[in-house]
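One-letter residues, chain by chain:
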Amino acid sequence: MHPPSRQDYISISLAGQGTYNNGKQWRRQSCWRKWKRLSRLQRSLILLFLFMCGIASYPAVTEHLRGLTAGERSTESNSVLRPIVPQVLPEPVKPQPEQSSQKKLSNKRGPPILQNRLQKKGNGTVTVEEKKEKGEEEGVISWRGAVVDTDKDTEEAKDGESKDHLLANHKSGPSNQSEASLLEAVKDAFRHAWQGYKDFAWGHDELRPLSKSYSEWFGLGLTLIDALDTMWILGLKEEFEEARTWVATELTFNKNVDVNLFESTIRILGGLLSTYHLTGDTMFLDKAKDIGSRLMPAFNTPSKIPYSDVNIGKGTAHPPRWTSDSTVAEVTSIQLEFRELSRLTQDPQYQDAVAEVMKQVHKLDGKLDGLVPMFINTNNGQFTHQGIFTLGARADSYYEYLLKQWIQGGKKEDQLLQDYVQAIEGVKKNLLQKSSPNGLTFVGELSHGQFSPKMDHLVCFLPGTLALGAHHGLPADHMDLAKQLMETCYQMYIQMETGLSPEIVHFNMHEGSIRDIDVKLADRHNLLRPETVESLFYLYRFTKDHKYQDWGWNILQNFNKYTKVSSGGYTSINNVRDPDYTSPRDKMESFFLGETLKYLYLLFSEDPSLISLDEYVFNTEAHPLPIWPSTA
Ligand code: DMJ
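Counting of residues starts from 1 at the beginning of each chain's written sequence and follows it residue by residue. Per-residue local features are limited, in this predicted model, to residues with pLDDT of at least 70; the limit for side-chain atom pairs, both in listing and counting, is 80 or more; totals at the level of whole chains, interfaces and linings are taken over all residues. Excluding hydrogens and water, the side-chain values take into account all heavy atoms of the structure.

- By the naming in an unreviewed UniProt entry, the protein goes by alpha-1,2-Mannosidase and is assigned to Pogonophryne albipinna.

Below is the structure:
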């Protein structure tokens, strides 16, 4: 029995009456008859229902096509409907042994083919410098001599290819360009960034290129100081002279302002010291002495482990408001600069203060195979938040400065070397893993014995540091590891739709994964960071393998495509996964000029005596400081 039909119910009887007839014609007629029999309200409700189903299924389909993970889907609460953006995955190519493909690349420096898709001017503020050249094939555009093949559809790519394939796909780049034109491209980028800073932020800390304004952090002309030695190295004399005049006449540290000890040491003290060394101009040394002495109150703590913040006008120091802890990387990555200041001034107070920190950290409990926790208490000098180990934020440059202090001091301070070598063994034992499906070597994190396959972009300093150590006589397997990690860091760029790395990635480790790298929504930003191009510079210096230049070239082009602001400057972006919606952050970090562009320039230079790595050691902000001459 069927209930009597009511006008406000939708009653659809699926079974036909009478003889079963599954013919197409009959079904069409039968459905049509039933449809006609429905009231107008019933028809409207059905149509509305079907429409809603269509709407509801649309995001799921687009997300699937965009390759979002389940986790990302569930957290993408503010998602809007946007065009489908296929993932950048490698084009299938025939397997070739890595050796032969590399050799081929170095010998035959043919026209480069890039895989990046042509950027559409999505937001109208960041522009692409691209122009169609006469006689080019349809779909191929040229940017300063490099060819971008817009027809190469990234959707052609297949998962599960070997790592060689991932890299082979991107063996393109500056191969057919002269050294001079590569260097000129970096200078162009610098000039463009500098013009924005000059026009809208002169004498202030950071440029906000979209709003054509600036932001202050310490109020000390941070970008200008960070960029001084870059201008000198790039040979931008006019720009340098203007900046020098500002430092000489405008810069004063006699200001009631709180500065972060670490940041002002690596950027300001480091920048002034290196500029003094490069130019011989004692004005920079005087400024360095001034800021160095004003930072010293930070060490007046019960433990002699420095506070994070200093008021350089008042001569007072304090920890952050919420804790009495300092960050381990911060208190152990000021040594190169303070040691050099002591050497130049013949005043041991600076060196003594930072050496005391190293002495204490060396002896502390709470390490794991040479790996250090991320926080240290300024009252009792002990590690806090123990059991968490990373080579990323808050610990990274501890490892870098162990090696670099040893090099700076003429390779005599054995304890530094031992701590460094032990830490690298600790990395290998506890943090090193391979991803699936392509077996990328990566450095994860450990939290109370639990491994997490998370890697910050910051960790990409490590290939360069490992290579530097190998150059200075450390085991050859450090160089092997450097090369493997270098590939991984580059993959963090080219596997993104913009060809720019996110701030943090997560690697897949389970068998059967369809891709190696996942990125969480909150981690999709790119701050114009230097670590990968820094490592590319070291790897190229030591191996002369042109693939590292090619990779750097691709990265530079992607910075130009997605972060360059037409009115001047470059901007950090929020989303490296969507070339049509990069969501610019409106900020150019000082390290883009201090580090990123400097390392790119040095990467493309064929002159090993341009900041020789046997004469200089770079501080963690890319400011070269001299290796001390042997007094023995
Ligand atoms: C820089 O200030 C330094 O390289 C520091 O060691 C890490 N963070 C930024 C660049 O990413």
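1. Regarding the pattern of salt bridges
Next, step 1: Salt bridges are defined by distance alone: a side-chain nitrogen of Lys or Arg within 4 Å of a carboxyl oxygen of Asp or Glu. Across all of its chains, the model carries 25 salt bridges by this definition.
Next, step 2: Glutamate 621 serves as the salt-bridge partner of arginine 267, at 3.8 Å between the closest nitrogen and oxygen. Pair noted here: arginine 267 is in helix H9 (residues 261–279) and glutamate 621 is in the loop between strand S20 (616–618) and strand S21 (624–626), with a separation of 354 residues, a long-range link.
Next, step 3: Each residue is assigned to one of three classes by its accessible area relative to the maximum for its type, calculated with a 1.4 Å probe on protein chains only: buried under 20%, partly exposed between the two thresholds, exposed over 50%. With relative accessibility at 2%, the residue glutamate 621 sits in the buried group.
Next, step 4: Note that aspartate 286 and lysine 289 form a salt bridge whose closest N and O atoms lie 3.9 Å from each other. One end of the pair, aspartate 286, and the other, lysine 289, are both in helix H10 (residues 282–295), 3 residues apart, so they sit about a helical turn from each other.
Next, step 5: According to the relative accessible area criterion, lysine 289 is partly exposed, its value standing at 32%. Where helices and strands are cited, they refer to DSSP runs of H or I of at least four residues and of E of at least two residues respectively, numbered from the N terminus.

2. A short note on the packing of helix H8 (residues 237–249) against H10
Next, step 1: In this analysis an axis means a line fitted to C-alpha atoms, helices contributing only their contacting stretch, and an angle means the value between N-to-C directions, from 0 to 180 degrees. Two elements in contact, H8 and H10, have axes separated by 11 Å at closest approach and are oriented at 45°. When the interaxial angle is binned, H8 and H10 end up oblique. Crossing angle aside, the handedness with which H8 passes H10 is left-handed. Across from Phe240, Arg244, Val247 and Ala248 in H8, the residues of H10 making contact are Met283, Phe284 and Lys287.
Next, step 2: Gly is put with the polar residues, along with every residue not named as nonpolar or charged; the nonpolar set is Ala, Val, Leu, Ile, Met, Phe, Trp, Tyr, Cys and Pro, and the charged set is Asp, Glu, Lys and Arg. Across the contact of H8 with H10, the residue classes break down as 5 nonpolar, no polar and 2 charged. Note that the term roughly parallel is reserved for angles under 35 degrees, roughly antiparallel for angles over 145, roughly perpendicular for angles of 65 to 115, and oblique for everything else. Should the near helix be turned anticlockwise from the far one by less than a right angle, the crossing is termed left-handed; should it be turned clockwise, right-handed. Here, residues are in contact when the closest pair of their heavy atoms is within 4.5 Å.

3. Focus on the site of the ligand
Next, step 1: The nearness test applies per residue and asks whether one of its heavy atoms lies within 4 Å of the molecule or strand. In the vicinity of the ligand, the contacting residues are Ile266, Arg267, Leu458, Arg529, Pro530, Glu531, Phe591, Glu595, Thr620 and Glu621.
Next, step 2: Whenever a nitrogen or oxygen atom comes within 3.5 Å of another N or O atom, the pair is scored as a polar contact, on the condition that within protein one atom can donate a hydrogen and the other can accept it, and that pairs from neighbouring residues in sequence are kept only if both atoms are in side chains. Within the contact set of the ligand, an oxygen atom lies 2.8 Å away from a side-chain nitrogen or oxygen of glutamate 595.
Next, step 3: Taking threonine 620, its main chain carries an N or O atom lying 2.7 Å from an oxygen atom of the ligand.
Next, step 4: For the ligand, whose free accessible area comes to 290 Å², the fraction covered by protein is 92%.
Next, step 5: Put simply, the parts of the chain that give the shell around the ligand at least two residues each are H9 and helix H20 (590–604).
Next, step 6: Each residue belonging to the shell around the ligand can be placed in one class, and the counts come to 4 nonpolar, 1 polar and 5 charged. Here the accessible surface of atoms and residues is derived via Shrake-Rupley with a 1.4 Å probe, and residues count as covered only by protein chains that are part of the display.

4. Observations concerning the UniProt feature "binding site: Ca(2+)" (unreviewed entry) in the protein
Next, step 1: UniProt positions are given in the numbering used here, feature names are shortened, and annotations may be inferred rather than shown by experiment. Within this structure's numbering, the places UniProt gives as "binding site: Ca(2+)" (unreviewed entry) are Thr620.
Next, step 2: Within the element layout of this structure, threonine 620 appears in the loop between S20 and S21.
Next, step 3: Residues contacting threonine 620, with those up to four places away along its chain left out, are Phe262, Ile266, Ser397, Glu400, Tyr401 and Glu595.

5. Re the sheet that holds strand S7 (residues 309–311)
Hydrogen bonds along the backbone pair up the strands of a sheet, which may run parallel or antiparallel.
Next, step 1: The 3 strands lie next to each other as S6-S7-S8, forming an open sheet whose pairing is antiparallel. Single-partner strands in this sheet number two, and they are strand S6 (258–260) and strand S8 (316–318). Shown here is a sheet whose adjacent strand axes are inclined to one another by a mean of 30°, direction ignored.
Next, step 2: Set on the sheet, H9 makes contact with S6 and S7; between it and S6 the angle comes to about 75°. When DSSP locates at least two bridges between a pair of strands, those strands are taken to pair.

6. Things to note about the side chain of asparagine 311
Next, step 1: Looking at the element boundaries, asparagine 311 is found in strand S7.
Next, step 2: By relative accessible area, which is 5% here, asparagine 311 ends up buried.
Next, step 3: Within polar-contact distance, the side chain of asparagine 311 engages the backbone nitrogen of glycine 313 at 3.0 Å.
Next, step 4: Those residues in contact with asparagine 311, other than ones at most four positions away along the chain, are Lys255, Asn256, Val257, Asp258 and Thr316.

7. Some remarks on the packing of aromatic side chains
Next, step 1: The pairing test for Phe, Tyr and Trp rings, Trp by its six-membered ring, is centres within 6.5 Å, and the orientation test on the planes gives stacked under 30 degrees, edge-to-face over 60, and tilted for anything in between. By the definition in use, this model includes 22 aromatic pairs.
Next, step 2: An angle of 40° between the planes, with centres 6.3 Å apart, marks the rings of phenylalanine 338 and tyrosine 350 as tilted. Separated by 12 residues along the polypeptide, phenylalanine 338 in helix H12 (residues 335–345) and tyrosine 350 in helix H13 (residues 349–363) bring together distant segments of the chain.
Next, step 3: On the basis of relative accessibility, which here comes to 5%, the residue tyrosine 350 falls in the buried class.
Next, step 4: Judged by centre distance (6.0 Å) and plane angle (70°), the rings of tryptophan 553 and phenylalanine 604 are edge-to-face. Taken together, the positions of tryptophan 553 in helix H19 (residues 547–562) and phenylalanine 604 in helix H20 put the pair 51 residues apart, joining distant regions of the chain.
Next, step 5: A residue is classified by how much of its surface remains accessible, and tryptophan 553, at 0% relative accessible area, is buried.

8. Regarding the sheet that holds strand S15 (residues 445–447)
Next, step 1: Here we have 3 strands laid out as an open sheet, ordered S12-S15-S16, and antiparallel in their pairing. Only two strands of the sheet have a single neighbouring strand rather than two, namely strand S12 (388–389) and strand S16 (450–452).
Next, step 2: Direction of pairing for S15 relative to S16: antiparallel, over a ladder of 3 bridges. Across the sheet, the residue bridging to glutamate 445 is serine 452, located in S16.

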